[in-house]
Each structure stands twice: as structure tokens, then as C-alpha cells.
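# Examining the three-dimensional arrangement
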Amino acid sequence: MPTEFISLTFPNASTELNPLPGAGIDPDYLVRYARNLDDYEFNYTLVPYDSSYFDPWTVGATIAAVTKNLKIIIALRPNTLYPTVAAKALATLDQLSRGRAVVHFIAGGSDVEQAREGDFLGKEERYERLEEYIKILKRAWQSPEPFDWDGKHYQFKNFRNLVRPVNGTSIPVSVGGSSDAAYRIGGSLADIFGLWGEPLKETKEQIDRIYAEAEKAGRAADDRPRIWVTFRPIVAETEELAWAKAHHTLDALKGNRAEGKSRVPAEAAAPQNVGSQRLLEIAKRGEVQDRALWYPTVTATNARGASTALVGSVQTIVDSLLDYVDLGAELISIRGYDNLNDAIDYGRYVLPKVRAVLKEREGQTNGAH
């Protein structure tokens with residue numbers, strides 16, 4: 001399948017560089033942002049989830065209504081919605097968007113965050129629940145007959161789903177993480193597996209783990225999860241300007257955190273999730289990894305979410321992204337720190353160049369045959 005690009009949904013003008021505390025949804029901004037992604041041919045936008053944040057379902061439906069091609073990835077924590085309800089909600093969004101719904105599962109990486117909405121399961125149990133949840137969704141989308149379920153985490157009788165995905169059988173399911181449980185469940189059940197930006201060596205090791213789990217589950221090579229890798233590119237016309245921009249960005253991130261304006265408290269505890277722990281450990285090896293992977297943004301934010309930057313000119317960023325495509329990444333998520341303007345810059349300068357290289361390679365391959 002072709003390489004595709006993902007952005008993140010932003011509902012207002014607040015950014016990590018210029019935070020607007022308590023900002024509500026700005027409908028005009030949300031529509032403008034979504035339409036720019038659509039116009040610049042991003043393929044997906046991820047609508048995030050947080051216990052204190054906006055409802056992703058309503059935001060996702062709004063985006064679907066004002067765009068034509070952009071696929072909407074709904075971030076979903078299993079503790080927030082019963083799986084039979086989620087199956088119908090996703091299929092409803094899929095029908096309303098003419099087949100553009102995707103779901104990205106978050107098992108839950110923080111006990112504290114999960115407890116805020118009444119979820120007190122431990123990590124292993126959360127992954128057990130996720131596995132059960134995905135199996136229920138897949139059956140609900142496919143089963144022509146009512147069915148019962150008697151699992152550890154979910155039990156119901158005679159559930160019948162009349163709300164089908166547009167393709168009649170399924171909606172793409174994404175799983176992310178860096179733990180053994182995430183690899184196992186994503187490798188065996190997911191259509192997409194999400195990774196944060198790590199050096200090429202570590203990324204290749206993770207991909208191999210995911211593919212090994214897929215093989216264990218009896219999946220053929222052409223049925224393995226598509227790999228999704230996320231970066232925060234800091235790009236400018238020249239290398240010098242890009243690095244100046246990067247250090248300005250870093251100063252702003254540190255300053256906002258020190259002043260209490262960041263979503264990451266100045267004295268935040270070490271992260272509990274394996275993905276963030278891995279990023280912080282890699283950061284100890286040096287600021288720059290591989291071609292342009294920059295880690296000070298990781299330490300400045302305590303590795304909260306996807307925080308690894310790529311720094312350089314347009315060509316450096318393009319070459320860096322192609323390095324990951326060559327490893328097997330089919331989905332590249334890029335979002336910056338000046339949300340709307342960076343998305344426009346990526347759409348104007350980065351996406352077309354990556355696609356041009358891939359098209360040229362495809363032509364050379366076809367010509368060789």
C-alpha cells in the first residue's frame with residue numbers, strides 16, 4: 001500500500017509554544033485546520049483522548065462533515081465506552097463519512113490517568129480487556145446473527161448489530177505501545193500499529209517484534225499490521241534556520257513548563273508507560289540520533305506523548321522520513337509545535353517531495369520489469 005500521512009486534530013489556536021489556558025473549542029479554527037489537512041492531502045487526522053479533554057466522537061463527526069477525503073482516527077480507551085456501543089458508534093461514523101472511520105486504541109499507560117475515570121485495573125488487565133474489546137468489535141461488525149459473549153471483562157447475551165461499516169465487514173483498528181503485551185495484541189489483532197519516533201535501529205527492532213507476533217498468530221506476510229511512526233518535524237529553508245528554530249522551540253517548551261503553562265508539571269513524576277521510558281532512556285545517549293532525530297524536546301516534556309523531533313531543511317526532513325519508509329513504515333504521522341502553520345508547511349513542502357521520491361522509485365521498479 002502507498003505511504004500515507006497522519007496529523008493530529010487541534011480544536012483551537014492553543015499550542016505548546018503559546019498555550020491558551022482553558023481555551024474552548026473554536027469551531028472556525030477546527031474547520032480551517034481540518035480543511036487544510038484535506039486540501040494538502042494528509043490522509044488521516046488523529047482525534048486524541050484525555051480524561052480532561054474534548055469528546056473525540058463529536059469532534060471527529062464535525063471533521064467528517066467538513067472534509068471530503070480525510071480519514072478520522074478516533075482515539076478510544078476501552079474503559080470509556082462499552083464495546084457493543086463502540087461498534088455501533090464507529091460504524092455510524094463510518095457511514096456518515098462514507099468509509100473514513102478508523103479507531104486507535106489506548107490501553108492506558110498511567111494508573112493515575114485511568115483512575116480519573118474510574119478505571120482501577122492494572123496494566124496487564126488493561127491489555128487483557130483491550131484484546132477482548134477488539135475481538136468483540138470485529139465480531140459485531142461481521143456477524144450476521146445475534147451473538148453472546150462470556151469473557152473476563154465483558155458479558156452480554158443476544159447482541160445484534162444492524163449498523164455495518166461501509167465495506168460491510170470492518171473498520172481499521174490501530175494499537176500502539178512498546179510493551180510485550182502491546183506487541184502481542186497489536187501483532188495478532190490490529191490493522192495498524194503505532195510507534196513513537198525512535199532511532200532507526202530501535203524502530204526496526206520494534207517492527208520485527210510486531211511482525212513476529214503477527215506470524216505467531218498465524219497472519220500471512222500480506223496481512224501484518226501497517227506500521228505507523230510519529231515525529232515532530234522542525235523545518236526551515238536551511239539547516240541553520242531549522243536549528244535556530246529548534247532551539248527557540250526548546251526554550252519555549254522549557255519556559256512554559258517552568259511557569260506552569262505546560263500540560264506537563266515542572267515536577268512531574270517519571271512516566272509509567274514503557275514508550276515514554278524508552279524515549280527518555282534513548283535521550284541519555286545524545287541530543288541527535290541518526291540523520292536528524294532530536295531528543296531535547298523529549299526531556300523538556302518528560303516524554304509526554306509523541307515528542308521526538310526531526311530537525312533540518314526540507315530535504316533533510318524528507319530524507320529522514322524516507323529512512324523510516326525504507327524500514328517498513330507505511331504511515332507517517334507529523335505534527336509540529338506551531339500547529340496550523342506547520343501543517344501547512346508540511347503539506348506544501350514535505351509531503352509532495354516524499355511522494356515524488358516514492359513515485360519515482362515505483363516507476364523505476366516498474367521499468368525494471
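Presented here is a report on the structure given in the accompanying data block. (Residues numbered from 1 in each chain as written. Predicted model: local features only at pLDDT ≥ 70, side-chain atom pairs only at ≥ 80, totals over all residues. Heavy atoms only, no water.)

The next thing to look at is the nonpolar core. The biggest cluster of nonpolar side chains holds 95 residues, and the ones touching the most others in it are Phe105, Ile227, Leu321 and Ile332. Setting aside residues no more than four positions away along its own chain, leucine 321 makes contact with Phe5, Phe231, Leu310, Ile332, Ile334, Val350 and Val354. By size, the runner-up hydrophobic cluster in this structure holds 13 residues, among which are Ile234, Ala236, Ala252 and Ala309. (Core = buried A, V, L, I, M, F, W, Y, C linked by side-chain atoms within 4.5 Å. Buried < 20%, exposed > 50% of the residue type's maximum accessible area, 1.4 Å probe, protein only. Contact = heavy atoms within 4.5 Å.)

Another aspect to go through is empty space enclosed by the protein. Inspection of the entire model under this criterion finds two cavities of 30 Å³ or more. When its volume is computed, the largest cavity comes out at roughly 50 Å³. Looking at the lining of the largest cavity residue by residue, the class counts come to seven nonpolar, one polar and one charged. The biggest single contributor to the lining of the second largest cavity is helix 11 (residues 314-327), with three residues. Among the residues making up the lining of the second largest cavity, the classes are represented as four nonpolar, one polar and three charged. (1 Å grid on protein atoms, 1.4 Å probe; cavity = no way out; pocket = protein on both sides within 12 Å on 5 of 7 lines; lining within 4 Å. Points joined across faces, edges and corners; volume = space filled by probe spheres on them. Nonpolar A, V, L, I, M, F, W, Y, C, P; charged D, E, K, R; others polar. Helix = DSSP H or I, 4+ residues; strand = E, 2+ residues; numbered from the N terminus.)

Moving on, we get to the layout of surface pockets. Volume-wise, the second largest pocket comes out at about 470 Å³. Lining the second largest pocket are 26 residues, and of these Met1, Pro172, Asp191, Ile192 and Arg226 lie nearest its centre. Elements supplying a minimum of two residues to the lining of the second largest pocket: strand 4 (101-105) and strand 9 (226-236). Grouping the amino acids of the lining of the second largest pocket by side-chain chemistry returns 12 nonpolar, four polar and 10 charged.

The next point concerns the pattern of salt bridges. With the rule as written, the count across this model stands at 24 salt bridges. Between glutamate 131 and arginine 184 there is a salt bridge, and its shortest N-O distance comes to 3.2 Å. You can see glutamate 131 sitting in helix 5 (residues 123-142) and its partner arginine 184 sitting in helix 6 (residues 180-189), a full 53 residues away along the chain. Exposure remark for glutamate 131: the relative accessible area of 18% places this residue in the buried category. (Salt bridge = Lys/Arg side-chain N within 4 Å of Asp/Glu carboxyl O.)

Take the packing of helix 6 against helix 7 (residues 200-216) next. Look at helix 6 against helix 7: their axes get within 7 Å of each other, and the N-to-C directions meet at 55°. Here helix 6 lies oblique to helix 7, going by the angle between them. Between helix 6 and helix 7 lies a crossing of right-handed hand. In this structure, helix 6 contributes Asp180, Tyr183, Arg184, Gly187 and Ser188 to the contact, and helix 7 contributes Gln206, Arg209, Ile210, Glu213 and Ala214. (Axes fitted to C-alpha atoms, helices over the stretch in contact; angles between N-to-C directions. Parallel < 35°, antiparallel > 145°, perpendicular 65-115°, else oblique. Left-handed = near helix turned anticlockwise from the far one by under 90°.)

Looking now at the environment of leucine 358. You can see leucine 358 is positioned in helix 12 (residues 339-368). Not counting the four nearest positions on each side in its chain, leucine 358 is found in contact with Thr3, Leu322 and Val325.

So, about helix 7. Here helix 7 is 17 residues long and its end C-alpha atoms lie 24 Å apart, about the 24 Å a rise of 1.5 Å per residue gives. The complete set of buried residues in helix 7 reads Glu202, Thr203, Gln206, Ile207, Ile210, Tyr211, Glu213 and Ala214. Close packing links the buried residues of helix 7 with helix 6, strand 8 (192-196), strand 9, helix 9 (274-283) and helix 11. Directly after helix 7, the chain includes glycine 218, whose backbone phi takes a positive value near 85°. (Expected span 1.5 Å × (residues − 1).)

If you walk through the whole model with that rule in mind, you get 13 aromatic pairs. Measuring from ring centre to ring centre gives 6.3 Å for tyrosine 29 and tyrosine 33, while their planes differ by 15°; the resulting arrangement is stacked. Linking tyrosine 29 with tyrosine 33, this pair stays in helix 1 (residues 27-39), spanning four residues, or about one helical turn. A relative accessible area of 12% means that tyrosine 29 is categorised as buried. (Phe/Tyr/Trp six-rings, centres within 6.5 Å; stacked < 30°, edge-to-face > 60°.)

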